[in-house]
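The chain contents come next:
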Amino acid sequence: MAHIDENHDILTYLKATSHTIDGIAWIITCIASLVCLIDVYFGFNFIPLRDINNQSKAILLLLFTPILVFFILVRLRQLPLGSARIAIFIRAILCIFTFIFINF
């Protein structure tokens with residue numbers, strides 16, 4: 001696994017992120033956001049989102065949630081706690097809870 005450093009270019013950073021537990025949690029939130037977005041866009045309404053009555057707001061939230069979660073993940077990696085072994089799981093849980101908190 002490559003060392004994750006914020007001085008890398010974005011493609012190298014994303015590749016290194018995809019090999020960590022918190023990076024996988026971020027990818028899961030991206031996929032979940034895409035599934036929810038398809039659900040809202042086509043009007044299936046199987047997923048009980050917070051702003052399901054306001055379709056444009058729900059779509060906007062679902063589009064920007066993965067970007068926001070990625071920025072939170074990057075900022076959490078810069079904390080002094082970032083090198084601890086348990087910090088990876090804390091960041092993964094925070095990624096998933098941020099997605100749930102924003103959209104549900």
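Residues numbered from 1 in each chain as written. Predicted model: local features only at pLDDT ≥ 70, side-chain atom pairs only at ≥ 80, totals over all residues. Heavy atoms only, no water.

J.: Any chance you could explain the state of the cysteines here in plain terms?
T.: The term disulfide refers to a covalent linkage connecting the sulfur atoms of a pair of cysteines. Per the stated rule, a full pass over the model turns up zero disulfides. Cys 30 takes part in no disulfide bond, and the closest cysteine sulfur to it belongs to Cys 95, at a distance of 9.2 Å. The partly exposed category is assigned to Cys 30, whose relative accessible area is 23%. Among the residues examined, Cys 95 registers a relative accessible area of 3% and is labelled buried. (Disulfide = S-S within 2.5 Å. Buried < 20%, exposed > 50% of the residue type's maximum accessible area, 1.4 Å probe, protein only.)

J.: Before we go on, may I ask you to explain the packing of helix α1 (residues 10-17) against helix α3 (residues 55-77) in this structure?
T.: A pair of packed helices is captured by two measures, namely the crossing angle of their axes and the spacing between those axes. α3 packs onto α1 with a crossing angle of 80° between their chain directions and a minimal axis gap of 13 Å. On the basis of their axis angle, the class for α1 and α3 is roughly perpendicular. The segment α1 lies against α3, with Tyr 13, Leu 14 and Thr 17 engaging Phe 70, Leu 73, Val 74 and Arg 77. Per-class residue counts for the contact of α1 with α3 are five nonpolar, one polar and one charged. (Axes fitted to C-alpha atoms, helices over the stretch in contact; angles between N-to-C directions. Helix = DSSP H or I, 4+ residues; strand = E, 2+ residues; numbered from the N terminus. Parallel < 35°, antiparallel > 145°, perpendicular 65-115°, else oblique. Contact = heavy atoms within 4.5 Å. Nonpolar A, V, L, I, M, F, W, Y, C, P; charged D, E, K, R; others polar.)

J.: Please clarify how the environment of Arg 85 should be interpreted in this entry.
T.: With respect to the element layout, Arg 85 can be found in helix α4 (residues 85-103). The exposure class assigned to Arg 85 is exposed, which follows from its relative accessible area of 73%. Taking the C-alpha atoms as reference points, Arg 85 and Ile 27, 58 residues apart in sequence, are found 20 Å from one another.

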